[in-house]
Amino acid sequence: MVKNVGGDVTVVCYKDSNQKPKFRVVYYRLGGIGQSFLINGKLSPEWEKYLGGQQAIVNNPIHKEIRTLTDRFGQEIWGSDLWGKVGFEGGDFGMSLADYARQVDVGVTVSQGEAGAIPELRQGDGWNVFGQGLLFIPDLDAAESLFIRGAIPAGYAAFWGSSSESMRWVEQGQRMTAPTLWRSLNSADLENYEARYDAYLGRALNISNDAKDMSSLRQRSDRGKFANAGAGFDHGRRIEHRTLEALRYVARNGLPENYALVTGEPGVHYGWSFTAHTRSADLLVAVLENVGDQPIDVGAFTIAETGEMTLRRHAETQTLLEAATPVEKRLWPPGVLASGEKLIIPVRIEMPLIPEYFDWIASGYRDNFADGEAIRNEAVSSGQTPIMFVHPSETGNALFALNAEDLPTGRIPNLVERFEYGPAWAIRGLEIDGKTYDFRQHDPNNFILFAGGGIGSCPYIYTYHSDGEIWVEENHFLFGATSPGKKRTEELELRHFEGRLEIREKEHELAHLDQITLILRDDKGGETAYPAVWPDVLAEMDGQELILGYGERTEVHFDLPDGVWEGKTALVSATGYYVPFSDPALFASID
């Protein structure tokens, strides 16, 4: 289940004044269903407008390897609902899976069950994806260090809190919320995994008086509290770690630092859970399209390539490609590309963290680091020893104790957003109608394309919750206002408001905001408006705009009397529009 079905895009068009070849090269990054369908010879509805028409895909080593990943380790798509942008992770997309399946193939058979309409989907038709997974790490030494020796496990760094909140005092100097422990996943975690898993589970079962099922395993919360119950059983049987073999496969020639993080946190049933989030696989393709009205003769491509079956960072791939001797390859045996036809060339496999996951975790750790460190420093200076650590949601549940002087300085987890894997190509040149042209290289800094109907997802409003000291997403706004001509004013009722408001741009688009006003409505229907006072360009509707790009945010301030919002309904009036980077106008031919 993957979300990243968009793509980094570079566009270049040639129009030679003498021989007049006319073609376009676009780079797309596909993930999720979009990728799975493409390698199975079809297109999802979201990609039809970009890759539709007459197209062919080059069966090169990159294409063969992404097929191997999907066919051997892909996750089956099934159920009654489809969530997240056609790739399942993040976003606000949601619809019936049966309805979506019928958009792809009207002949899909649908049966009715208790959960609703269930389509009969075949993995061989593209209904499976190579996605992010969650792997339980059976780190018995770390668990014993916490619960038996009372020490931070060797090799782990501590973050005094979590990505969603800072560490909280339960009882000053005596009790604290359990921290997040983290380290980089390493090759040793994958070696002899099954035996170490049995040893970990066996230890948890022994402490739990030989529990045999989920119900009895939960009882160990009053004994050793060794492992999250979910680590050992799922509905009465052992969990099948579906991501293990996939991770072993892609990391067979080495697992780089910070490819995945092992994080230790209190589990659902009071125990301690060590887990690692693995990565999805995206396919970067170069699409050569004849955008003229005459056929073009496609000759040899000049290609630098690497066949290294390794996980690595982008700079390492570039070094391998720069060191390679370019060779000429004829990728299109028919030779002639008719008007409107496309040739899709896989060039690289990328292993990203899902953007929403990366942004949320990274920003959360940064936001909460200072507060967590302040609490840790106060604990050390309190002179109370030892300090008992408790479950964050069940503060009466004591997990383990540490001496205050043994609390290490916290560190923010190090996340690397993108790795690359396996064979890769760099297309240096291309012969068209007997003339050789430079083939512009992919530049991820140009702009981003995300499939989603061309309307983006619009900006989001967040409100502050003082009880957890966190920002919570309320809703998106200005949905569908995708150009200056569609600029409009919209009111949104907030579920929660206590004086603080934030606007975030979470998608690959530019938000243009002209005015933000807070409206407080009393129980008799009377309304009082409070224009924004900062950023000052949002104070009134005057054409002066605040522009937010992907990943940017701003808190909006209002001049509010203390507690004036209490007992009232809060609404936000916003005027503006946004421009998705999937706007087809961005891909217009350049003359």
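(A) Representation of the overall build of the protein chain. If you tally the helices and strands in the protein chain, you get ten helices and 38 strands. Split into buried and exposed, the 591 residues of the protein chain put 53% on the buried side. The contacts in the protein chain between residues at least 6 apart in sequence include a share of 75% that link residues at least 24 apart.

(B) Representation of the sheet that holds strand β14 (residues 175–177) in the model. Across the sheet, which stays open at both edges, the four strands sit in the order β13-β14-β24-β25 with mixed pairing between neighbours. Edge positions in the sheet fall to β13 (169–171) and β25 (398–402), since each of these pairs with one other strand and no more. Put simply, the sheet's adjacent strands are angled 30 degrees from each other on average, direction ignored. Pairing geometry for β13 and β14, over two bridges, is antiparallel. Paired with E171 across the strands is R175, a residue of β14.

(C) Broad picture of the nonpolar core. Counting residues in hydrophobic clusters, the biggest one holds 90 residues, and the most contacted among them are L51, L69, F274, F301, M351 and F389. In this structure, F389 is in contact with W160, M167, M176, T177, A178, P179, N397, A398, L399, F400, L402 and L407, ignoring residues within four places of it in sequence. A511, L520, L560 and W565 belong to the second largest nonpolar core, which has 30 residues in total.

(D) The sheet that holds strand β12 (residues 157–159), seen in detail. With antiparallel pairing, five strands are arranged side by side in an open sheet as β11-β17-β16-β15-β12. Of all the strands in the sheet, just β11 (134–136) and β12 have a single pairing partner and so form its edges. Taken over all neighbouring pairs, the strand axes of this sheet differ in orientation by 30 degrees on average, direction set aside. The pairing of strand β15 (residues 180–184) with strand β16 (residues 261–266) spans four bridges and is classified as antiparallel. Of the residues in β16, the one forming a bridge with R183 is V262. Each of β15 and β17 (272–277) touches helix α5 (residues 140–149); the most contacted strand, β17, lies at about 150 degrees to it.

(E) Region of interest: helix α4 (residues 97–104). Among all positions of α4, only L97, A98, Y100 and A101 are buried. Down the axis of α4, the smallest arc covering the buried residues is 160 degrees, so these residues share one side. Structurally, the start of α4 carries an N-cap: the backbone nitrogen of A98 is 3.2 Å from a side-chain oxygen of S96.

(F) Here's a closer look at the pattern of salt bridges. Following the criterion strictly, the structure yields 21 salt bridges and no others. A salt bridge links R24 to E289; the shortest N-O distance between them is 2.9 Å. Of the two residues, R24 is situated in strand β3 (residues 22–30) and E289 in strand β18 (residues 282–290); the sequence distance between them amounts to 265 residues. Overall, R24 belongs to the buried group, its relative accessible area being 13%.

(G) Spatial organisation of unusual backbone geometry. A cis amide bond, omega -5 degrees, links W534 with the succeeding residue P535. Considering the arrangement of structural elements, one finds P535 in the loop between β35 (527–534) and β36 (546–548). With phi around 50 degrees, D433 is a residue other than glycine that occupies positive phi space. Of note, D433 is situated in the loop between β27 (424–432) and β28 (435–438).

(H) Examining the packing of helix α1 (residues 32–39) against helix α3 (residues 61–73) more closely. Look at α1 against α3: their axes get within 10 Å of each other, and the N-to-C directions meet at 115 degrees. Crossing handedness for the pair α1 and α3: left-handed. Where α1 approaches α3, its residues Q35, S36 and I39 are matched on the opposing element by H63, I66, R67 and T70. Considered class by class, the residues forming the contact of α1 with α3 number two nonpolar, four polar and one charged.

(I) Structural context of the packing of aromatic side chains. Tallied over the full model, the rule gives twelve aromatic pairs. Measuring from centroid to centroid gives 6.0 Å for F159 and F369, while their planes differ by 40 degrees, and the two rings are tilted. With a gap of 210 residues between them, F159 in strand β12 and F369 in helix α10 (residues 355–381) connect regions that are remote in the sequence. The partly exposed category is assigned to F369, whose relative accessible area is 25%.

(J) Quick look at the side chain of T317. Mapped onto the elements, T317 comes out in helix α9 (residues 314–323). When its relative accessible area of 0% is taken as the criterion, T317 is described as buried. Setting aside its immediate chain neighbours within four residues, T317 contacts R312, R348, E420 and A424.

Conventions and cut-offs
Residues numbered from 1 in each chain as written. Predicted model: local features only at pLDDT ≥ 70, side-chain atom pairs only at ≥ 80, totals over all residues. Heavy atoms only, no water. Helix = DSSP H or I, 4+ residues; strand = E, 2+ residues; numbered from the N terminus. Buried < 20%, exposed > 50% of the residue type's maximum accessible area, 1.4 Å probe, protein only. Contact = heavy atoms within 4.5 Å. Pairing = 2+ DSSP bridges. Axes fitted to C-alpha atoms, helices over the stretch in contact; angles between N-to-C directions. Core = buried A, V, L, I, M, F, W, Y, C linked by side-chain atoms within 4.5 Å. Arc of directions from axis to C-beta. Polar contact = N/O pair within 3.5 Å; in protein donor to acceptor, adjacent residues only side chain to side chain. Salt bridge = Lys/Arg side-chain N within 4 Å of Asp/Glu carboxyl O. Left-handed = near helix turned anticlockwise from the far one by under 90°. Nonpolar A, V, L, I, M, F, W, Y, C, P; charged D, E, K, R; others polar. Phe/Tyr/Trp six-rings, centres within 6.5 Å; stacked < 30°, edge-to-face > 60°.

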